[in-house]
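Structure at a glance
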Amino acid sequence: MDRLFEILMTLCLDAAMLVFVLSLARSGGKSVAHARLISITMSVGFLLGAAAHCIDGVNAALLLDALGFILSYTAALFTFPPKRTEVRSDE
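In this text the structure is predicted, and so the values were computed from the model without any measurement.

Our focus in this paragraph is the overall build of the protein. Within the protein, the secondary structure is distributed over 3 helices and 0 strands. Scanning the protein from its N terminus toward the C terminus, one meets helices and strands in the order α-α-α. Its C-alpha atoms give the protein a radius of gyration of 17 Å, more than 25% over the compact-globule value 12 Å for 91 residues. The C-alpha extent of the protein, read off along each of the three principal axes, is 70 × 20 × 20 Å. Across the 91 residues in the protein, those meeting the buried criterion constitute 26%. Look at the contacts in the protein between residues 6 or more apart in sequence, and 77% of them connect residues 24 or more apart. Of the roughly 6,600 Å² that the protein leaves accessible, carbon and sulfur atoms contribute 69%.

As structure tokens, then:
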């Protein structure tokens, strides 16, 4: 029963991270310090959860923690401003 609630909790956190990633993607690449802190903190949490599940053995919760880590890492990438490319005109 504990495993079921843990899987449901991780599914809810993954869904929240997906919404967070989509909202950051729509923000237009604005650098937001608090969003970066949230995404890095969630990333570390998911990574530690995946490490704990590796000790117990591979199960569904490990895969959900890995998915959460990927989503939070993606959210962290969206918090950095995009690179600017200069257009040179040789006139």
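On to the nonpolar core, then. One broad rule of soluble globular proteins: the nonpolar side chains tend to lie buried together. Met 17, Phe 20, Val 21, Leu 24, Ala 35, Phe 46, Leu 71 and Ala 75 form the largest nonpolar core, which has 8 residues in total. Elements with a contribution of two residues or more to this core: helix H1 (2-26), helix H2 (33-56) and helix H3 (60-78). By residue number, the principal contributor to this core is H1, which donates 4 residues. Residue contacts for Phe 46: discarding those within four places in its chain leaves Thr 10, Leu 13, Asp 14, Met 17, Asp 65, Gly 68, Phe 69 and Ser 72.

One can describe the packing of H1 onto H3 by two numbers: an axis separation of 9 Å at closest approach and a directional angle of 20°. Judged by the inter-axis angle, H1 sits roughly parallel to H3. Relative to H3, H1 is oriented so that their crossing is left-handed. Contacts from Glu 6, Ile 7, Thr 10, Leu 11, Asp 14, Met 17, Leu 18, Phe 20, Val 21, Leu 24 and Ala 25 of H1 reach H3 at Ala 60, Ala 61, Leu 64, Asp 65, Leu 67, Gly 68, Leu 71, Ser 72, Thr 74, Ala 75 and Phe 78.

The rules we used
- All residue numbers refer to positions counted from 1 along the written sequence of the respective chain.
- Reporting in this predicted model follows two pLDDT cut-offs: at least 70 for local features of residues, and 80 or more for side-chain atom pairs to be given and counted; totals over whole chains, interfaces and linings ignore these cut-offs and use all residues.
- To get the side-chain values, take all heavy atoms of the structure and skip hydrogens and water.
- Comment: elements are numbered from the N terminus, with helices defined as DSSP H or I runs of at least four residues and strands as E runs of at least two.
- Based on C-alpha atoms, the radius of gyration is set beside the globule rule, defined as 2.2 Å times the residue count to the power 0.38.
- Type-normalised accessible area, obtained with a 1.4 Å probe on protein chains alone, sets the label of each residue: buried when under 20%, exposed when over 50%, and partly exposed for intermediate values.
- Between two residues, a contact is recorded if the distance between any of their heavy atoms is within 4.5 Å.
- Calculation of accessible area relied on Shrake-Rupley with a 1.4 Å probe; when residues are assessed, cover is drawn exclusively from the protein chains displayed.
- Only buried residues count toward a nonpolar core, which is a set of Ala, Val, Leu, Ile, Met, Phe, Trp, Tyr and Cys residues joined through side-chain atoms within 4.5 Å.
- Only the stretch in contact is used when a helix axis is fitted, and all axes are lines through C-alpha atoms; the angle between N-to-C directions ranges over 0 to 180 degrees.
- Throughout, the term roughly parallel applies to angles under 35 degrees, roughly antiparallel to angles over 145, roughly perpendicular to angles from 65 to 115, and oblique to all others.
- Left-handed describes a crossing in which the near helix is turned anticlockwise from the far one by less than a right angle; the clockwise case is right-handed.

Keep in mind these values describe shape, not function.
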